[in-house]
Structures are given as structure tokens and as C-alpha cells.
Amino acid sequence: MTAITIRRPDDLHLHLRDGEAMRSVLPFTAARFARALVMPNLRPPVTATQQALAYRQRILDALPAGVAFEPLMTLYLTDRTEPAEVDRARASGCIVGFKLYPAGATTHSDAGVTDIRKVDAVLSRMEEQDLVLEVHGEVTDPQVDVFDREARFIEEVLTGLAARFPRLRIVFEHITTRAAVQFVLGSRPGIAATLTPQHLLMNRNALFAGGIRPHHYCLPVLKSEPDREALNAAAASGDPRFFLGTDSAPHARGAKETACGCAGMFCAHGAIELYAEAFEAAGALARLEAFASEHGADFYRLPRNEGRITLIKTPWEVPRSYPFGTEEIVPLRAGEHIGWRLAGTERG
Ligand code: DOR
Ligand code: ZN
């Protein structure tokens, strides 16, 4: 039997939702990860420091007894965010960044930024206060082909943004294309990217395998096989600018299996195990630990976690659904197998 033991990892991009739905999904993440960066796209969005602190407390209150887990918070940037909010966020000690959703780009992004120039003063203050900007990198023009929206965002927004704020640390979230990998590799210091397990393991054929597959729909949408190969090469390279962020994004079954289904895949139930599959396939299992447990912590200037988790190479069958508040969610690989299993956690 093959087993690997790694330092406890961090999930640097996670959707936990709120209330009973959050209670349903949080244990999956807390069993695997010591910390997670919790996305602020609730309804209403988490735009203010006080809201983030209250949300953080609700997460802590929802943890299973005896489980230590640290939620890292980020605020939702809007056209009306004030520079003083950056100071409050920094002073809180619990907020590590701000999330840029171009308005209309994805789930619950309607309150997002309509024009990047509108937040210049906030970005400038973030640069001074050394808070991280997390970016959903897609243009929103409905005329632009959905598969080209990330590449266009690099050209039209991100390149200029990185140049105008040369000390602003930026995470290009859930990158999906070869163009995004090349952008990160060619960029100045202080620019990094997260990679999801779904984009490492699947290409866009998975959206249409034998029929339309709503549970494989997320944004940015799955891309081509050459794009997937570029993401795997980046992850397997050991370059510290690439690190783990699952983008696990639960939606109730009914919101996915409908005429106009929501974007988002739920992968928290097997996240680190799915990354192990991807790294094994890339011949880079020895680099999983740095990707999962070191690069992200180092980029965010957090101490690396104490404790270890052990994964064993034993396939297990994923349930067809899990409870999700009063509804249910269909997890990634529902009714199929994941090749690695979480065998133990030593919290350190
Ligand atoms: O597929 C996605 N789902 N992409 C996002 O950017 C948001 C997320 C969600 O919140 O459901
Ligand atoms: Zn996300």
C-alpha cells in the first residue's frame, strides 16, 4: 500500500456559505485543512470588517467539538469600498485580503466591481497595508466567448493592474488556462495563482460526457486538454507561485439540475485526495506537500501549519449525495471512486 504523510494543508479558496448549509459542509474541510480562506460572496456580500468578523465567529461556532480550524477572511470589493475599510481590515488581524469579483462574472457577483478604475484608491491603500488582492479573472462582456474570458481578462485588466500597483500582492484565483500559467510565470514578484482539483483533473469534455453534466459546471468553466496539461505542469513544477485553493462551491441539487443551473462544484469531501490523484498522475507526488502546505502559507506570510495528515492509496466510493441544510448536494465523483483516502490526522 502506498501512503504519504504531509504537513497539514491550507485551502486558500473556499466557499462555505452560511447557516445550516455551512454546518453541513464545514466538517469536510476542517478534517483535511488547518486553515481556509473563506470567500465573501454571501447574500448580502461580506463587504465590511465587522461583517467578516461576525461571519468568522459563526464558522468557529459551527465547528465540530474539539476540531481546531482557522478561517481566514477576505472582504468583497465593491465600487463603493472605502480606503478606510482597508485600514479596519488590517487592524482586525483576521482579514488577509480583498476579493475582486468583476460585476456579473459568477455566482453572487452582482455587487462586484463594474470598472477596475473605480477601486484604484482602495488598491493603493491595500498596497500600503500589504493586504492581498484575490482576483476572479474573467471579463464579463457577454459578447466574449466563455472559453476566452480568462485570457481576455489578463490582457484587458490584470496586466495593467499589476503594473499600476507594483507592490500589490495578487492571487489570480482558480486559473484554468495555459495563458494564465504563462502570465504568472512571466510576471513580477508578488503574483501567484491557485489551482483547483477539478481544473487539474478534468477538461471541458467532462461537461458533455454522455449528456450534459451540470455538476461539472463551474466558473471559470473547464477548459481544453492543452490548458489542463499546462495547469498540471505548473502544479508539478514545484514553483512556489502556484498553490492549493479548491474553490469548493456547494449548491443544492435543485439549483444545479435545472434549466439554468448555478456554477460551482463541491469537492471539499475529497479535496486533498483529488489533488493526490492529480499529482500522482503528473509523477509529482513528492511535490504535493509544498503545493498544499507551504507555498500558500508562505505567500500569505502565515506560519506553516503544525501537524500532519496521512493519505493512503485506497479507492473509496463517493456517496451519491450529502445532506446540505434541508437539501442535498451532489459531490464531485458522486457514485464513482476517488483513488486516495484520508487515513489520519495528527493536529500537532
Ligand atoms: O463556479 C463558481 N462558483 N465560481 C465562482 O467564482 C463562484 C462559485 C460559487 O460561489 O458558487
Ligand atoms: Zn470561488
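This one's a predicted model, so the numbers in the text were calculated from it and none came from an experiment.

The rules behind the values
Residues numbered from 1 in each chain as written. Chains lettered and ligands numbered in written order. Predicted model: local features only at pLDDT ≥ 70, side-chain atom pairs only at ≥ 80, totals over all residues. Heavy atoms only, no water. Helix = DSSP H or I, 4+ residues; strand = E, 2+ residues; numbered from the N terminus. Rg over C-alpha atoms; globule rule 2.2 N^0.38 Å. Buried < 20%, exposed > 50% of the residue type's maximum accessible area, 1.4 Å probe, protein only. Contact = heavy atoms within 4.5 Å. Areas by Shrake-Rupley, 256 points an atom, 1.4 Å probe, with all protein chains shown as cover. Pairing = 2+ DSSP bridges. Axes fitted to C-alpha atoms, helices over the stretch in contact; angles between N-to-C directions.

1. Brief notes about the overall build of the protein
Okay, so step 1: For the protein, the helix and strand inventory stands at 12 helices and 15 strands.
Okay, so step 2: Taken over C-alpha atoms, the radius of gyration comes to 19 Å for the protein, in line with the 20 Å a tight globule of 348 residues would show.
Okay, so step 3: Reported as C-alpha extents along the three principal axes, the dimensions of the protein are approximately 55 × 45 × 40 Å.
Okay, so step 4: Evaluated residue by residue, the protein yields a buried proportion of 57% over its 348 residues.
Okay, so step 5: Contacts spanning at least 24 positions in sequence make up 73% of the contacts within the protein whose residues lie at least 6 apart.
Okay, so step 6: Accessible area of the protein: about 13500 Å², with a carbon and sulfur share of 50%.

2. Let's talk about the sheet that holds strand E10 (residues 308-312)
Okay, so step 1: Taken together, three strands build an open sheet; the order of strands is E1-E10-E15 and the sheet is antiparallel. In this open sheet, the two strands that pair with only one neighbour each are strand E1 (3-7) and strand E15 (341-346). Shown here is a sheet whose adjacent strand axes are inclined to one another by a mean of 20°, direction ignored.
Okay, so step 2: Two elements, E1 and E10, share five bridges in a ladder whose sense is antiparallel. Among the inter-strand pairings, Thr5 is bridged to a residue of E10, identified as Thr310.

3. Brief notes about the environment of Phe183
Okay, so step 1: Examined against the element boundaries, Phe183 turns out to sit in helix H6 (residues 178-186).
Okay, so step 2: Note: C-alpha distance between Phe183 and Ile154 (29 residues apart in sequence) is 7.6 Å.
Okay, so step 3: Excluding residues that lie within four positions of it along the chain, Phe183 makes contacts with Ile154, Leu158, Thr159, Phe172 and Ile191.

4. Quick word on the environment of Phe299
Okay, so step 1: If you trace the backbone, Phe299 turns up in helix H12 (residues 295-299).
Okay, so step 2: Between the alpha carbons of Phe299 and Phe243 there is a distance of 9.1 Å; along the sequence they are 56 residues apart.
Okay, so step 3: What Phe299 contacts, discounting residues up to four positions off in sequence, is Val132, Arg169, Ile170, Val171, Gly190, Ile191, Ala192 and Phe243.

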